[in-house]
Amino acid sequence: MKKQFLDSGKIVGTHGIRGEVRIEPWADSPAFLSAFKTLYLDERGETAIKVRSRPHKNITLCKIEGVDTIEDAERLRGKIVYINRDDVRLDEGVHFVQDLIGLEVRDFDSGALYGTLTDVLRTGANDVYEITRDGKHYLAPVIDEVVREINIEEGVVRITPMKGIFDDAD
């Protein structure tokens, strides 16, 4: 089941004396998180905060409405910030990592189960899916030749594995 509010970063400190906070973004870039005018401090979306944000190096600097002193900002340190899924328009074929974790990974042709997608690693050239089966971890590059279909609604990723990814590969 897709979560409506997605954890997207963590307040890791303050910036300046006027109540700005530093957010470590858990998104593709600090600019992505900076685009939001409303963030949430809980996964149910009950605590909305109005914000003005800007990217700064690998962090997002954020001014929260009503937080005007360094002491107020310091009280927010360690809080997770969430975005509302409805506030984002993803390009076709792009998915939230949180939607991918837990999907079954199956063979594209035979339907054989390889395991569960347990992590998405960012390597620079392409992402890599960590697939876990019976306590063992396997890595599959996220390239068109390997990842053939992602169906969030069905809860499955269909792949054509490269030779050597799994112990029983040809």
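Below or above, wherever it landed, is the structure these notes cover. These figures come from a predicted structure and were not determined experimentally.

Parameters and conventions
- Residues numbered from 1 in each chain as written.
- Predicted model: local features only at pLDDT ≥ 70, side-chain atom pairs only at ≥ 80, totals over all residues.
- Heavy atoms only, no water.
- Salt bridge = Lys/Arg side-chain N within 4 Å of Asp/Glu carboxyl O.
- Buried < 20%, exposed > 50% of the residue type's maximum accessible area, 1.4 Å probe, protein only.
- Pairing = 2+ DSSP bridges.
- Helix = DSSP H or I, 4+ residues; strand = E, 2+ residues; numbered from the N terminus.
- Core = buried A, V, L, I, M, F, W, Y, C linked by side-chain atoms within 4.5 Å.
- Contact = heavy atoms within 4.5 Å.
- Phe/Tyr/Trp six-rings, centres within 6.5 Å; stacked < 30°, edge-to-face > 60°.
- Polar contact = N/O pair within 3.5 Å; in protein donor to acceptor, adjacent residues only side chain to side chain.

Right, let's get into the pattern of salt bridges. The tally for this structure, following the rule as stated, stands at 12 salt bridges. Where D68 meets K63, a salt bridge forms, and the shortest distance between an N and an O atom there is 2.9 Å. Of the residues examined, K63 reaches a relative accessible area of 15% and is grouped as buried. Note that E104 is salt-bridged to R106, the shortest N-O span being 2.9 Å. With a relative accessible area of 33%, E104 lands in the partly exposed category.

In this section: the pairing of strand β2 (residues 20-25). Pairing analysis gives six bridges linking strand β1 (residues 5-15) to β2, with the strands arranged antiparallel. By the bridge assignment, I11 is partnered in β2 with I23. In this antiparallel pair of consecutive strands, β1 and β2, the connection spans four residues, and G16 shows a positive phi of 75°. Of the pairings in the sheet, the one linking β2 to strand β5 (residues 59-64) comprises four bridges and is antiparallel in character. Its bridge partner lying in β5, E20 is registered against K63.

Membership of the largest hydrophobic core comes to 18 residues, with the highest contact counts inside it found for V21, I23, L39, C62, I64 and I83. Among residues more than four places away in sequence, those in contact with V21 are I11, G13, T14, H15, T60, L61, C62, I64 and A73. Judged by nonpolar contacts, the second largest core, of 17 residues, contains L100, V105, V120 and Y129.

Okay, the packing of aromatic side chains next. Enumeration over the complete set of coordinates arrives at four aromatic pairs. Ring centres of F5 and Y40 lie 4.8 Å apart, and the angle between their planes is 65°; on these two criteria the pair is classed as edge-to-face. Pair noted here: F5 is in strand β1 and Y40 is in strand β3 (residues 38-40), with a separation of 35 residues, a long-range link. Take F5: its relative accessible area is 11%, and that puts it in the buried class. Ring geometry for Y114 against F166: centres 4.3 Å apart, planes inclined by 5°, an arrangement best described as stacked.

Moving on: the environment of T69. For T69, the position within the fold is in the loop between β5 and α2 (70-74). Judged by its relative accessible area of 30%, T69 falls in the partly exposed class. Expressed as a C-alpha distance, the spacing of T69 and E145, which sit 76 residues apart in the sequence, is 52 Å. A polar side-chain atom of T69 sits 3.0 Å from the main-chain amide nitrogen of D72.

With respect to the helices, strands and loops of the structure, G93 is situated in the loop between β6 (80-84) and α3 (97-100). G93 sits 58 residues away from N151 along the chain, and the two C-alpha atoms are 10.0 Å apart.

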